[in-house]
Amino acid sequence: EAGVAQSPRYKIIEKRQSVAFWCNPISGHATLYWYQQILGQGPKLLIQFQNNGVVDDSQLPKDRFSAERLKGVDSTLKIQPAKLEDSAVYLCASSLVAGGHTGELFFGEGSRLTVL
Amino acid sequence: GDSVTQMEGPVTLSEEAFLTINCTYTATGYPSLFWYVQYPGEGLQLLLKATKADDKGSNKGFEATYRKETTSFHLEKGSVQVSDSAVYFCALSEGTGGFKTIFGAGTRLFVKA
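These figures come from a predicted structure and were not determined experimentally.

I keep staring at the nonpolar core and nothing clicks. Help me out?
Generally speaking, a soluble globular protein has its nonpolar side chains buried in company with each other. Counting residues in hydrophobic clusters, the biggest one holds 26 residues, and the most contacted among them are B:Leu19, B:Trp35, B:Leu47, B:Leu48, B:Phe73, B:Leu75 and B:Tyr88. Elements with a contribution of two residues or more to this core: strand E2 (11–14), strand E3 (19–21), strand E4 (23–26), strand E5 (32–38), strand E6 (45–50), strand E8 (62–65), strand E10 (86–93) and strand E12 (107–112) of chain B. Among the elements that make up this core, the one with the highest residue count is E10(B) (four residues). In this view, B:Leu48 contacts B:Leu33, B:Phe34, B:Trp35, B:Gly57, B:Ser58, B:Asn59, B:Phe62, B:Glu63, B:Ala64, B:Phe73 and B:Leu75; residues no more than four positions away in its chain are not counted. Among the nonpolar cores identified, the runner-up in size contains 21 residues, and A:Cys23, A:Leu32, A:Trp34 and A:Ile79 belong to it.

I'm lost on the packing of aromatic side chains in this one. Help?
The relative placement of two aromatic rings is captured by the distance of their centres and the angle of their planes. This model, assessed by the stated rule, comprises twelve aromatic pairs over all chains. Relative to B:Phe103, the ring of A:Tyr35 lies with its centre 5.4 Å away and its plane at 90 degrees, an arrangement referred to as edge-to-face. One end of the pair, A:Tyr35, is in strand E4 (residues 31–37); the other, B:Phe103, is in strand E11 (residues 101–103), on a second chain. With a relative accessible area of 8%, B:Phe103 lands in the buried category. A centroid spacing of 6.5 Å and a plane angle of 85 degrees characterise the contact between B:Phe89 and B:Phe103, whose relative ring orientation is edge-to-face. Of the two residues, B:Phe89 sits in strand E10 while B:Phe103 sits in strand E11, which places them 14 residues apart along the sequence. Side by side, B:Phe89 and B:Phe103 carry an identical accessibility label, which is buried. Three or more aromatic residues joined by ring pairs form one cluster here, namely A:Tyr33, A:Tyr35, A:Phe107, B:Phe34, B:Tyr36, B:Phe89 and B:Phe103.

Would you explain unusual backbone geometry in this entry?
Keep in mind that most residues, glycine aside, have a negative phi and that most peptide bonds are trans. For the bond from A:Ser7 to A:Pro8, the omega torsion is -10 degrees, close enough to zero to count as cis. Going from A:Gln80 to A:Pro81, the amide bond is cis rather than trans, its omega being -5 degrees. Tracing the sequence through the fold places A:Pro81 in the loop between strand E8 (75–79) and strand E9 (88–95). Despite not being glycine, A:Arg16 shows a phi value in the positive range, around 80 degrees. Its location among the elements puts A:Arg16 in the loop between strand E2 (10–13) and strand E3 (19–24). In the Ramachandran plot, B:Thr71 falls in the positive-phi region, its phi being about 40 degrees despite a non-glycine side chain. Here B:Thr71 shows up in the loop between E8 and strand E9 (75–77).

Quick question: what am I supposed to make of the environment of A:Gln37 here?
Here A:Gln37 is to be found in strand E4. When the C-alpha atoms of A:Gln37 and A:Ser87 are compared, they prove to be 9.1 Å apart, with 50 residues separating the residues in sequence. Residues in contact with A:Gln37, not counting those within four places in the same chain, are A:Gly42, A:Pro43, A:Ala88, A:Val89, A:Leu91, B:Gln38, B:Leu44 and B:Phe89. A polar contact is formed between the side chain of A:Gln37 and the backbone oxygen of A:Gln41, at a distance of 3.3 Å.

Conventions and cut-offs
Residues numbered from 1 in each chain as written. Chains lettered and ligands numbered in written order. Predicted model: local features only at pLDDT ≥ 70, side-chain atom pairs only at ≥ 80, totals over all residues. Heavy atoms only, no water. Core = buried A, V, L, I, M, F, W, Y, C linked by side-chain atoms within 4.5 Å. Buried < 20%, exposed > 50% of the residue type's maximum accessible area, 1.4 Å probe, protein only. Helix = DSSP H or I, 4+ residues; strand = E, 2+ residues; numbered from the N terminus. Contact = heavy atoms within 4.5 Å. Phe/Tyr/Trp six-rings, centres within 6.5 Å; stacked < 30°, edge-to-face > 60°. Polar contact = N/O pair within 3.5 Å; in protein donor to acceptor, adjacent residues only side chain to side chain.

Here's what the structure looks like:
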């Protein structure tokens, strides 16, 4: 079974530039998550999709971050314009459960962003 | 809101030593509790989980018991190996508020031969 795929693995940009990250979850997983992991901290949830609807985006900085999940499969997370404090690893995860109790999350390897 | 607090690292142990990593949580309902592990250069992966009070999760020699009375889920292993060197994250997931998973800050473990 293929795992969660993310790209790019690494990205270096200047502040005020834009960047986009792509995620392909495990086939059949209804729920998709984007987490931000700053060095030395635990992952922080940015946005959670169930199929192609947003369940929770309360911690997404909507003035600069946006995310979409078209057709309930792939997802894209965009940052525009980037700030220095956006330097982090962006983790995509998926889970099988479409509703009710959340089970195990399956993570991709992450996309490491450095903003100069 | 819900939160997870785990002991700060890094933790450095010699091979075959006993490991405990403390984790406590705050939740409004009845969460499931998890330990995830991140090996160097790899993504996070589930190590073990427990879904209700007094459940014990176990995997690869690691164990953790869901203690509702002390709101804790401490990770233990009787004899660590060099290959256990990684970052360990305690996490909770609750059915209210959107079923999201909240992570602790992580504890880095170094095991020396």
